[in-house]
Amino acid sequence: MIFPNLLQQKAIEQLYDYSCDIIERCSEKDSITKITSTKEIVVLENIPCRISFKNTNNPAMQTEKQATAIQEVKLFISNKIIVKEGSKIVVRKKGTKYVQEFKLSGIPAMYSSHQEIPLKKFLGWT
């Protein structure tokens, strides 16, 4: 017998047309020089996922210096994956050269079959 949640999960996973890497930043102290530096550590690689892009009703916000497009980005991924706050997420569209870097920008919405994580464009480790 296949459970309804498993059927939902399999149906959602069939829509995953991206893969992603989850990258965290950590501090590491050199044992010889005693200097602490930060490094990017890939904690998970090639995780199947899907990205949803949604433009808001206001296509751009105009300031004195620039116009900024408003776009909501959501990552759909297995609910078994743990993405820590502040992680960098590198997504690749399967079969293309499309690569985009994002960062976790909110609390994931957890469902029995998947999770939805709001993202923002990665502009650096700030």
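Everything numeric in this text was worked out from a predicted model, so none of it was measured.

Caption draft 1: Structural context of the pattern of salt bridges. Within this structure, the stated rule accounts for eight salt bridges. Here Lys 93 and Asp 17 are joined by a salt bridge, their closest N and O atoms 2.9 Å apart. Note that Lys 93 is positioned in strand β4 (residues 88-93) and Asp 17 in the loop between α1 (4-13) and β1 (18-29), a separation of 76 residues in sequence. The class for Lys 93 is partly exposed, based on a relative accessible area of 28%. The exposure class assigned to Asp 17 is partly exposed, which follows from its relative accessible area of 21%. Note that Lys 84 and Glu 24 form a salt bridge whose closest N and O atoms lie 3.9 Å from each other. Here the residue Lys 84 occupies a position in the loop between β3 (67-77) and β4, and Glu 24 occupies one in strand β1, the gap between them amounting to 60 residues. When salt bridges that share partners are traced, they join Asp 17, Arg 50 and Lys 93 into one network.

Caption draft 2: Highlighting the pairing of strand β7 (residues 115-121). Looking at chain direction, strand β5 (residues 99-104) and β7 are connected through three bridges and run antiparallel. Residue pairing in the sheet places Leu 104 in a bridge with Leu 119 of β7. Counted between consecutive antiparallel strands, the loop separating strand β6 (residues 109-110) from β7 contains four residues.

Caption draft 3: Here's a closer look at the nonpolar core. One finds Cys 20, Leu 75, Ile 77, Ile 89, Val 91 and Leu 119 to be the most contacted residues of the largest nonpolar core, which totals 17 residues. Those elements giving two or more residues to this core turn out to be β1, β2 (36-62), β3, β4, β5 and β7. In this view, Val 91 contacts Tyr 18, Ser 19, Cys 20, Cys 49, Ile 51, Leu 75, Tyr 98, Val 99, Gln 100 and Phe 102; residues no more than four positions away in its chain are not counted.

Caption draft 4: Structural context of the side chain of Asn 79. With respect to the secondary-structure elements, Asn 79 resides in the loop between β3 and β4. A polar contact is formed between the side chain of Asn 79 and the backbone oxygen of Ser 112, at a distance of 3.0 Å. Excluding residues within four positions of it along the chain, Asn 79 makes contact with Met 110, Tyr 111, Ser 112, Ser 113, His 114 and Gln 115.

Definitions and limits used
Residues numbered from 1 in each chain as written. Predicted model: local features only at pLDDT ≥ 70, side-chain atom pairs only at ≥ 80, totals over all residues. Heavy atoms only, no water. Salt bridge = Lys/Arg side-chain N within 4 Å of Asp/Glu carboxyl O. Helix = DSSP H or I, 4+ residues; strand = E, 2+ residues; numbered from the N terminus. Buried < 20%, exposed > 50% of the residue type's maximum accessible area, 1.4 Å probe, protein only. Pairing = 2+ DSSP bridges. Core = buried A, V, L, I, M, F, W, Y, C linked by side-chain atoms within 4.5 Å. Contact = heavy atoms within 4.5 Å. Polar contact = N/O pair within 3.5 Å; in protein donor to acceptor, adjacent residues only side chain to side chain.

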